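Listed here are the chains, written in short residue letters.
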Amino acid sequence: DQALKLAKRKTNDGQTMEANHIYQDILKKFPKNKKANAGIRTLSRTIGNSIAKIQDPPQSLIQPVMNLYKHGQFEQVLNKAAHLLLEFPRSVSLYNIVGAANQGLGKLTKAVEAYRKALSIKPDYAEAQNDMGVALQKLGKLDEAIEAFEKALFFNPNLSNAYFNIGNVLKLQNKPEKAVEAYQRAISIKPDYAEAYYNMGVALHVQKKLDEAITAYKKALHYKSDFAEAHNNMGNALKDQGKLKET
C-alpha cells in the first residue's frame, strides 16, 4: 500500500519514470495487483497525452540551427533556439539541441536543465536521457548518470551508446568487471563499436586479463585501424606479457 501511494504521488508530480519503476517492482511480487496494473495504464495515457502536445518547428526552421551545431557554433545555436522557443515552447528538439550546445560550451548544469525540459514534454525521449546522463557524468554525479542511461534503455533497449556510457561510469567507479559486461552489451547491439572494444580492453587490462585485453584492442583496431590509443595500449599489454618483439 505504501509503494502504491508513493507511485501515485510520483505520477502526480510528473515523475513518470520513477512511478513506473515502483509499479513494475510491485508487479514482480504481485503480478495480479489491480491497482499497480491500473497505475501502469494511467502512466501510458499520461505519456501519450504529453507526447501529443509536442510542437516542434518545421524542418525549414530547425535545420539551420542543426547546421550551426554541426559547425560548433554553440552560442549562435543558443541565440537562434531561444527565439524559436518563444514560438514553439513545447519543442523537444529545440530543448535537446539547447542541451547539446550548452554541453559543448561546458555549461553542464544548464545542459541538464534543458534536457530535463525536453523530458518533461516527452518522457520517453531516450536520446535526451542518454545525453543528460553524459552531462551528469561530467558533473561527477555518477549514480544519477547511470540512472539516466538506464531510463534511456528502458525506452530504447537497442541504444548501444547508453550501454557504452554505463560502462564508462562503472569504470570510473572502479567496477571494471561490471564495466566489461556493459561494453559487451553495447557490442552485442553494435558489433563494429570500436570505442566499446577499446574501453573494454582498458577494463580488462586493469584486471590483468592481458590476453582478453589484447583481443579487445585488436577488435578495436579491426574496425578502426587508425585508433592510436588502441595501438598504444595493445603495445603496453604485450610489454606486460614480456612480448617486447611484438610491440
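All values derive from a computational prediction rather than experimental measurement.

On a plain count of helices and strands, the protein chain comes out with 14 helices and 0 strands. Ordering the α and β elements of the protein chain from the N terminus gives α-α-α-α-α-α-α-α-α-α-α-α-α-α. When the backbone C-alpha atoms are referred to their principal axes, the protein chain occupies close to 65 × 50 × 30 Å. Of all 247 residues assigned to the protein chain, the portion counted as buried reaches 45%. In the protein chain, the proportion of contacts linking residues at least 24 apart, taken out of those at least 6 apart, comes to 47%. If you sum the accessible surface of the protein chain, you get close to 13,900 Å²; carbon and sulfur atoms cover 50% of it.

One non-glycine residue, Asn174, adopts positive backbone phi at about 60°. Secondary-structure assignment places Asn174 in the loop between helix H10 (160–172) and helix H11 (176–189). The residue Lys208 is not glycine, and still its phi comes out positive at about 65°. By secondary structure assignment, the location of Lys208 is in the loop between helix H12 (194–206) and helix H13 (210–223).

Bringing the confidence of the model for the protein chain into the picture now. Averaged over every residue, the pLDDT of the protein chain is 89; the share at 70 or more is 90%. Mean pLDDT in the protein chain bottoms out at helix H3 (residues 34–52), which sits at 69, and peaks at H10, which reaches 97.

This paragraph deals with helix H5 (residues 74–87). For H5, with 14 residues, the first-to-last C-alpha span of 20 Å sits near the 20 Å given by 1.5 Å per residue. Looking only at H5, the buried set comprises Phe74, Val77, Leu78, Ala81, Leu84 and Leu85. The buried residues of H5 occupy one face: seen down the axis, they fall within an arc of 135°. Exposed residues lying more than 90 degrees from the buried face of H5 are His83, Leu86 and Glu87. Tucked inside the fold, the buried residues of H5 contact helix H4 (59–70) and helix H6 (92–104).

Turning next to the nonpolar core. Leu94, Met132, Tyr198, Met200, Tyr217 and Phe227 are the most contacted members of the largest nonpolar core, which has 72 residues in total. Setting aside residues no more than four positions away along its own chain, Tyr198 makes contact with Tyr217, Ala220, Phe227, Glu229, Ala230 and Asn233. Among the nonpolar cores identified, the runner-up in size contains 9 residues, and Ala7, Ala19, Ala36 and Ile40 belong to it.

Take the packing of H4 against H5 next. Axes are the key here: two packed helices are described by the angle between their axes and the distance separating the axes. The interhelical angle for the contact between H4 and H5, taken along N-to-C directions, is 160°, at an axis separation of 8 Å. Put simply, H4 runs roughly antiparallel to H5. Note that H4 runs across H5; the crossing there is left-handed. Where H4 approaches H5, its residues Leu61, Val65, Leu68 and Tyr69 are matched on the opposing element by Phe74, Gln76, Val77, Lys80 and Leu84.

Reading the values: rules and limits
Residues numbered from 1 in each chain as written. Predicted model: local features only at pLDDT ≥ 70, side-chain atom pairs only at ≥ 80, totals over all residues. Heavy atoms only, no water. Helix = DSSP H or I, 4+ residues; strand = E, 2+ residues; numbered from the N terminus. Buried < 20%, exposed > 50% of the residue type's maximum accessible area, 1.4 Å probe, protein only. Contact = heavy atoms within 4.5 Å. Areas by Shrake-Rupley, 256 points an atom, 1.4 Å probe, with all protein chains shown as cover. pLDDT = per-residue confidence, 0-100. Expected span 1.5 Å × (residues − 1). Arc of directions from axis to C-beta. Core = buried A, V, L, I, M, F, W, Y, C linked by side-chain atoms within 4.5 Å. Axes fitted to C-alpha atoms, helices over the stretch in contact; angles between N-to-C directions. Parallel < 35°, antiparallel > 145°, perpendicular 65-115°, else oblique. Left-handed = near helix turned anticlockwise from the far one by under 90°.

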